[in-house]
Structure formats: C-alpha cells, structure tokens
Amino acid sequence: MALTDLCRYPIVQAPMAGGASGPALAAAVSEAGGLGFLAAGYKTADGMYQEIKQVRGLTGRPFGVNLFMPQEPHTDPAAIEVYRHQLAGEATWYDTPLGDADTGGDDNYEAKLAILREDPVPVVSFTFGCPERAVIDAFAKVGTYTIVTVTTPQEAQAAQWAGADAVCVQGIEAGGHQGTYRDDPQTGGAGLGLLTLIALVRESVRLPIVAAGGLMRGAQIAAVLAAGADAAQLGTAFLACPESGANALHKQALTNPLFVRTEVTRAFSGRPARGLVNRFMREHGPYAPAAYPQVHQLTAGLRKAAAAAGDAQGMALWAGQGHRLARELPAGGLVELLAGELDEAATELTTNLQNLKNKRSAS
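Attention here is on the structure that accompanies the text.

1. Quick word on the packing of aromatic side chains
Enumeration according to the criterion identifies six aromatic pairs in this entry. Taking the centre distance of 4.7 Å and the plane angle of 40° together, the rings of Phe 68 and Phe 128 count as tilted. A residue pair is termed long-range when its members are at least 10 positions apart, and Phe 68 in strand E3 (residues 63–68) and Phe 128 in the loop between strand E4 (123–127) and helix H6 (133–141) qualify at 60 residues. Overall, the relative accessible area of 3% leaves Phe 128 in the buried class. Between Phe 126 and Phe 139 the ring centres are 6.3 Å apart and the planes differ by 55°, which places this aromatic pair in the tilted class. Note that Phe 126 is positioned in strand E4 and Phe 139 in helix H6, a separation of 13 residues in sequence.

2. Considering the pattern of salt bridges
This structure, assessed with the given rule, holds eleven salt bridges. The shortest N-O distance in the salt bridge between Arg 84 and Glu 81 comes to 3.8 Å. Here Arg 84 pairs with Glu 81, and both are found in helix H3 (residues 77–86), just three residues apart, close to one helical turn. Between Asp 107 and Lys 112 there is a salt bridge; the shortest N-O distance is 3.0 Å. Since its relative accessible area comes to 16%, Asp 107 is described here as buried. Counted as one network, the salt bridges with shared partners bring together Glu 90, Arg 279 and Glu 283.

3. A look at the packing of helix H1 (residues 23–31) against helix H14 (residues 331–362)
Running from N to C, H1 and H14 cross one another at 40°; their axes reach a closest spacing of 8 Å. Seen along the crossing, H1 lies across H14 with a hand that is right-handed. Contact with H1, carried on its side by Leu 25, Ala 28 and Val 29, involves Ala 331, Gly 332 and Val 335 of H14 and no other residues of that element. A class-by-class count of the residues in the contact of H1 with H14 yields five nonpolar, one polar and no charged.

4. Quick word on the sheet that holds strand E7 (residues 176–177)
Overall, antiparallel pairing links the three strands, which are arranged E7-E11-E10 in an open sheet. Two strands lie at the open edges of the sheet, namely E7 and strand E10 (262–265), each paired on one side alone. The pairing of E7 with strand E11 (residues 273–276) spans two bridges and is classified as antiparallel. Among the inter-strand pairings, His 177 is bridged to a residue of E11, identified as Ala 273.

Scoring rules and cut-offs
- Residues numbered from 1 in each chain as written.
- Predicted model: local features only at pLDDT ≥ 70, side-chain atom pairs only at ≥ 80, totals over all residues.
- Heavy atoms only, no water.
- Phe/Tyr/Trp six-rings, centres within 6.5 Å; stacked < 30°, edge-to-face > 60°.
- Helix = DSSP H or I, 4+ residues; strand = E, 2+ residues; numbered from the N terminus.
- Buried < 20%, exposed > 50% of the residue type's maximum accessible area, 1.4 Å probe, protein only.
- Salt bridge = Lys/Arg side-chain N within 4 Å of Asp/Glu carboxyl O.
- Axes fitted to C-alpha atoms, helices over the stretch in contact; angles between N-to-C directions.
- Left-handed = near helix turned anticlockwise from the far one by under 90°.
- Contact = heavy atoms within 4.5 Å.
- Nonpolar A, V, L, I, M, F, W, Y, C, P; charged D, E, K, R; others polar.
- Pairing = 2+ DSSP bridges.

Encoded structure:
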C-alpha cells in the first residue's frame, strides 16, 4: 500500500490529543477525501477502541490512529515539587487541587497495541519516539500502514531502520507538542523550519513524507509537495471546524485579536509545545521543568477548571503559527476548499515555470 492510496487528496488531518480529534472530525475528513485521524493519546485502551468503532460507523474510508510512545521519567522529583509550589496560587484561584504527578507515563501503550493488532485499522502513527522494529513488523503483517513523527533527519533515519512505511516531518511551526524522540532541556523550543526539514529528511531517507507545521492554505500544501513531501498534515486548520472537539474558547482564540502570537512552552505539560501566548504561559513558562507527563498530570485539573470558568487565560491553547488563517468551516467543506486551492496553486506554479522556460529559450 502506498501513502497516496489512502486518500483522494494529499491532505491529512493531524491527530490532536485532548479531545479535538474525535470520531466526528476524523470521519468527516476521510469522507471528504482526506485522511482523518483519531488521537489515542490520554485515552484508555477501551476509550480508543470505542472511538474506532464510532469512526467505522460513520465512514468506510481509510483513517488513522495516533499513539504516544511511553515516556521514561528522567526528571529530578525536586524540580517537579518546586513547580508544584509555583502553581499553588493557580490551585487557589481555580479552587481545584493540583494533580498527582506520579501516575505513570506509558499511556496504556501495550494495551492499545494489542487492540490495534487484533482489530487492525488502516493507519497507525507514533509520536514522542519510534517503536521497535518488532512492533512495526507486527502491524505490517496485519496490513496496517505505519507513520512515525520525526523532527530531525536523525530521527527519520531511526524510523526507516525500524521499518516505518512513512515519516511525518514536523517543523517548528506546528501547534501542540513537538514530537521529538528525546526531550532535551538544552534545546527545548528550538527546531527546524518545515521546508528546511523536508529537504534534509529527503536526503537522509527513502520514505514517503507527510509534512506538518503551520499549514493552513492549499497554496502551502502545494509548496510542501513541491519541496518533496507526499502529503500535508494540518491540525490548527481543522481545530475551528464544528466537528472538532476543541473547547469553544479555544476555537474562538485562534482568530481573537487578544492572542497575537504563539510560543513554545513547557508550562502546561513539561514538554515543548506551541500554543497561543496567554497569562498562564507568561507567568509559568519560564519556570516549568522538562518533566512530561508529570507536569501534564499536575496541571490537568487547572486546565479543566479554567475551561469550566470560561477563562482562556488559564487554558492550553495549542495552535500553530498560522492560527490567524483559521476558517470556521465544516471539515468536509474545508478539505474540498483546500483541494481546490491546491489545484489553483499547482496550475499557477506550472504556468510560472513554463513562462520562465520560455523566457530562457527566447534569450
């Protein structure tokens, strides 16, 4: 199976964990000719399976499921305790206790693998690391296409060695968590822009590339395809769709003039993630330790309380750099619009290249 066999258009809906990428959004995108994705992160294995069944009831087209790789704790417990004290005022303000930072970091990985091997889905992707070859081989045997998220050429080489069918190349422009294999506190927040990363990965591996990072328009999809990608993955663009499970405050914030820029922060989860700059990020980002998923668990109740109180200044407003270009359209309509824009951009590019060729011939 080739990547291009999975969908009519080279448009992949990013798996956004935390509720945004549920069955309704994934099915709508797949039905319209893109490749929809469920985000299994932060869900129980049974919760993931129930959502898979819902997607199957909504569409017969291919879709994917994204898994978080287990995270090994490497953080000094004292650093987490210091951050807990830092957040004490937030707990008082929202009248909610801080979460337990020691509830484990495997995200029910093995149980989810077992379900996906027993009842296969068309595509499985991985974030925060690369699975062992045996895991990918097992998926190959049941006909599942595998994609590994990478942020460097070295990570792409590791994915190729492990037998992945494709890589999702994530540029620094992307919203939400960076999918790095190793969260290095010395380089957290730094990264490569998407076009540069595509070029570097193309010269490092012979795998199909799904390009991700700040893409919001069909012309941008055309640009990454011209740069060597086989498909484009969009997350923030689908966040504002009615089928998205994102909180209404989150959707409104994408184009709210109050939120003028994004930054990469550890404030909410302990792992570098790009979001709209708000009060919580400004006040706590500089002090958050590199401690995922401990910080995520610590702040979970605060984020829910802020949402319940209608306070976007205390929420994790994940968004890519192109968030101001968000369009509030049904997911299927957005896929069709992006495909039309892609066709227009491709036609214009072909015309421009032909004109350039004619000029050179005339001279």
